[in-house]
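# Chains, contacts and geometry: an overview
Each chain, written out:
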Amino acid sequence: VLAALSQLADAATPRRLEPRALAELVVRLDGFLRLDDARAEDALAELEALLGATRHAPVLAEVRRAVADIEYQAALAPLARLAAGLERDVEGAA
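Bear in mind that the values here come from a model prediction, so they are computed numbers and not experimental data. (Residues numbered from 1 in each chain as written. Predicted model: local features only at pLDDT ≥ 70, side-chain atom pairs only at ≥ 80, totals over all residues. Heavy atoms only, no water.)

### So, the overall build of the protein chain
In terms of regular secondary structure, the protein chain is built from 5 helices and 0 strands. Sequence-ordered secondary structure for the protein chain, helices as α and strands as β, is α-α-α-α-α. Per-residue burial over the protein chain gives 28% buried out of 94 residues. Counting contacts in the protein chain only where the partners sit at least 6 residues apart, residues at least 24 apart contribute 52% of the total. Of the roughly 6,200 Å² of accessible surface on the protein chain, 59% is carried by carbon and sulfur atoms. (Helix = DSSP H or I, 4+ residues; strand = E, 2+ residues; numbered from the N terminus. Buried < 20%, exposed > 50% of the residue type's maximum accessible area, 1.4 Å probe, protein only. Contact = heavy atoms within 4.5 Å. Areas by Shrake-Rupley, 256 points an atom, 1.4 Å probe, with all protein chains shown as cover.)

Here it is as structure tokens:
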């Protein structure tokens, strides 16, 4: 039981977001969306796991709605806004 609680606590602890890993994930998702590839779902789930409770949640929700409706091309614009916001975050942290 204690081990399980420890794992839950670790999962709830915010992890430092690695800019390079986020950028690679956004690029991968963008590629899947442009190819109308259903693997976009998995890439988006990974991105949501990393960014779900951040200030990027609203634009991430726009991407999720488009992907859920299988409107992959419509997800590209909010994904581009998300990428720009993430880039500003990295520049601001430097």
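### Some remarks on the nonpolar core
Looking at soluble globular proteins, one finds that nonpolar side chains tend to be buried together. In terms of nonpolar packing, the biggest core is built from 22 residues, with Leu29, Leu33, Leu47, Leu79 and Leu82 touching the most fellow members. Elements with a minimum of two residues in this core: α2 (19-34), α3 (40-51), α4 (57-68) and α5 (72-93). Those residues in contact with leucine 47 that lie beyond four places of it in its chain are Leu22, Leu25, Val26, Leu29, Gly52, Leu60, Leu79 and Leu82. (Core = buried A, V, L, I, M, F, W, Y, C linked by side-chain atoms within 4.5 Å.)

### Focus on α4
Between its first and last C-alpha atoms α4 spans 16 Å; for 12 residues at 1.5 Å apiece the expected length is 16 Å, and the two agree. For α4, the set of buried residues is Val59, Leu60, Val63, Ala66 and Val67. Projected onto a plane normal to the axis of α4, the buried residues spread over an arc of 120 degrees and lie on a single side. Looking one or two residues beyond α4, the residue adopting positive phi is isoleucine 70, at roughly 55 degrees. (Expected span 1.5 Å × (residues − 1). Arc of directions from axis to C-beta.)

### Re the confidence of the model for the protein chain
Mean pLDDT for the protein chain: 86, with 81% of residues reaching 70 or above. Averaged pLDDT values over the elements of the protein chain bottom out at 55 in helix α1 (residues 2-12) and peak at 96 in α4. (pLDDT = per-residue confidence, 0-100.)

### Description of the pattern of salt bridges
Applying the stated rule across the entire model yields 8 salt bridges. Here arginine 20 ties to glutamate 24 by a salt bridge, and the two come within 3.3 Å at their closest N and O atoms. Taken as a pair, arginine 20 and glutamate 24 lie in helix α2 at a separation of 4 residues, close to a single helical turn. Overall, the relative accessible area of 47% leaves glutamate 24 in the partly exposed class. Two residues, glutamate 62 and arginine 81, come together in a salt bridge whose shortest N-O distance is 2.5 Å. Here glutamate 62, found in helix α4, pairs with arginine 81, found in helix α5; they are 19 residues apart in sequence, far enough to count as distant. By relative accessible area, which is 30% here, glutamate 62 ends up partly exposed. Residue class for arginine 81 comes out partly exposed when judged on its relative accessible area of 42%. (Salt bridge = Lys/Arg side-chain N within 4 Å of Asp/Glu carboxyl O.)

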